[in-house]
Amino acid sequence: MLADNKIWVAVNDAGERIYLEPKYANRHGLIAGATGTGKTVTLKVLAESFSNMGVPVFMADVKGDIAGISAPGVTSEDMEKRIERFGLADEGFSFEGCPVTLWDIYGEKGIQLRTTISEMGPLLLARLMDLNDLQSDILSIVFKIADDNNLLLIDTKDLKAMLNYVSENNKEFEAEYGKMSPTSIAAIVRALVALEVAGGDKFFGETALNITDWFTYGSNGKGMINILDSESLINNGKLYSTFLLWLLSELFERLPEVGDLDKPKMVFFFDEAHLLFNGAPKALLEKVEQVVKLIRSKGVGVYFCTQNPKDIPDGVLAQLGNKIQHALHAYTPSDQKAVKAAADSFRANPDFKTYDTILNLGTGEAVVSFLQDGGVPGMAEKAYILPPQCSFGSIDDSKRDNLVKSSMLYSKYYESIDPDSAYEFLLRRGVEMAEAAEQARAEAEAAKIKEREEKEAAKAAEKAEKEAEREKAREEAAKKRAAKSVGNAVTGTVGREVGKNLGKKFGKFGKTLGGNVGASLGRGLFSTLFRSK
């Protein structure tokens, strides 16, 4: 709770208050401890304190009980003892809830939270789809091709269409972008289908989250606490951690530099933080470390919540100036080593041994170290965490549904939008190419038909010409035969007449002479008729 314009988190063994200075709250923090040691209560105490200060908060609800921060707590015998023990009544302690907006990437227990394929980027997508180095490089190239051609990658069908397009036309891209094996692209497509099965078809799309919508306040001026329901999401560790890392990256990229402020602009709680780093490639770890280092200058404080500090890489752990360490157990040599590492990360306190204290902490107890004046780490102190003003438990379905639908952002993100993007463009391109191919095929077929018809017409003309020539020849032959026949007839008739007349005068000799004369006259007549034609 707030006291003296500071966040009162706990009291030490001497009954002294332990504060987190708001101006150092964006130096990040760590909340660690074994299951059941009180981490969730500590998260609620910090979150509601930031909200009361007017600082928006983001939290992931992996067990379903964080949403109870929206409802006021209730009194009980144990709670009354704690209020009296900490002297909270004198500070005006009262049970009250915080303004809450519930989100869910599946759209079932909160407002639909979406992002686009382009905004997620190839690096995070490669991890999300568990791609190898070669496949990751190809995915980056496909993103580059999409950018160079002004193709929007909004949802999974856009990326799938783009991958298939590059695979089918890889020869065209090879000279400029390098070789991309169709086999590797096919493997990426299969991984993308698996992502769709895991819910990618729901959380990749429009309307995508506008991160500025998180910088809102309740009617009483309290900072809005944005809670991502993660009960189902946590079953897919890579999906959960990658999505939260994207949210953190969005804050880093969208917010302007503000330097040191009196209080943070926003506080981001990353629960089950070990999932972010398990099996993460070097490039991703470097990105996380860079974001954590630089995002403080944007006024954002990041608090990692995990079971053991060893879950956090040293480069990131070194950036976490505010630490709350709940109990750890050391059943094995490896556990003992981890507890010792956790103890050594604190500034030593001569009044107790940090290692032994961590092993013997009870529920709601912790070893605490917050940054002091000048950003110097405070000495480790055994602390007793204050109770929250909100409910310890969760909320029922009716309360949850009311919170979701009463939010001003519900209508903005309720319906999904399918804009004109890479899928639609490539679909049109395919249709246009198919139509062009069909038109070319039809034109080629028409040209073939025309050519065939022209050839047939030429053959018919040639045949007709030959037939005409043959007909002419037949006519000439017929004329010759007719002329010859006439000649023969004339020859016979003339010969007989001449022979008859000469025979009367000269006898047998006269007939022969008449025949010869007739034949000669007939041949002359035939020749004359033939030449005349």
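Quick note: structure is the one above.
Cut-offs applied
Residues numbered from 1 in each chain as written. Predicted model: local features only at pLDDT ≥ 70, side-chain atom pairs only at ≥ 80, totals over all residues. Heavy atoms only, no water. Axes fitted to C-alpha atoms, helices over the stretch in contact; angles between N-to-C directions. Helix = DSSP H or I, 4+ residues; strand = E, 2+ residues; numbered from the N terminus. Parallel < 35°, antiparallel > 145°, perpendicular 65-115°, else oblique. Left-handed = near helix turned anticlockwise from the far one by under 90°. Contact = heavy atoms within 4.5 Å. Nonpolar A, V, L, I, M, F, W, Y, C, P; charged D, E, K, R; others polar. Core = buried A, V, L, I, M, F, W, Y, C linked by side-chain atoms within 4.5 Å. Buried < 20%, exposed > 50% of the residue type's maximum accessible area, 1.4 Å probe, protein only. Salt bridge = Lys/Arg side-chain N within 4 Å of Asp/Glu carboxyl O. Pairing = 2+ DSSP bridges.

*Asks:* How do you make sense of the packing of helix α3 (residues 117-128) against helix α8 (residues 237-254) when you look at a structure like this?
*Replies:* In a packed pair of helices, the relevant descriptors are the angle between the two axes and the axis-to-axis distance. The N-to-C vectors of α3 and α8 enclose an angle of 155 degrees; their axes lie 10 Å apart at closest approach. By the angle class used here, α3 and α8 are roughly antiparallel. For the element pair α3 and α8, the recorded crossing hand is right-handed. Counted together, E119, M120, L124, R127 and L128 of α3 and K238, L239, S241, T242, F243, L245, W246 and R254 of α8 form the full contact between these two elements. Of the residues in the contact of α3 with α8, the class split is seven nonpolar, two polar and four charged.

*Asks:* Got a minute to help me understand the nonpolar core in this structure?
*Replies:* Looking at soluble globular proteins, one finds that nonpolar side chains tend to be buried together. Core analysis: the biggest nonpolar cluster contains 121 residues, and F50, F269 and F304 have the highest contact counts within it. Broken down by element, the residue count for this core peaks at 10 residues, all from α8. In this structure F269 touches I31, L43, L46, A47, F50, V57, F58, M59, A60 and Y303, once residues within four positions along its chain are discounted. Residues W8, V11, Y19 and L88 belong to the second largest nonpolar core, which totals 12 residues.

*Asks:* Would you explain the pattern of salt bridges in this entry?
*Replies:* Note on pairing: side chains with opposite charge can pair once their charged atoms come close. Going through the model one piece at a time under the given rule, you end up with 24 salt bridges. Linking D418 and K157 is a salt bridge whose minimum nitrogen-to-oxygen distance equals 3.0 Å. Residue D418 is found in the loop between α15 (410-414) and α16 (422-506), and its partner K157 is found in helix α5 (residues 156-168); the two are separated by 261 residues along the sequence. Judged by relative accessible area, D418 falls into the partly exposed class, the value being 47%. K157 gets classed as partly exposed once you look at its relative accessible area, which sits at 24%. The residue K405 makes a salt bridge to D401 at a minimum N-O spacing of 3.6 Å. Placement of the pair is K405 and D401 together in helix α14 (residues 397-406), with a separation of four residues, close to one helical turn. Overlapping salt bridges bring together E467, R470, E471 and R474 as one network.

*Asks:* What is the right way to read the pairing of strand β3 (residues 17-20) from this model?
*Replies:* When a strand is regular, its side chains alternate between the sheet's two faces. When strand β2 (residues 6-12) meets β3, the two strands line up antiparallel, connected through four bridges. Of the residues in β3, the one forming a bridge with V11 is R17. The antiparallel hairpin formed by β2 and β3 contains four residues in its connecting segment, where G15 sits at a positive phi of about 85 degrees.

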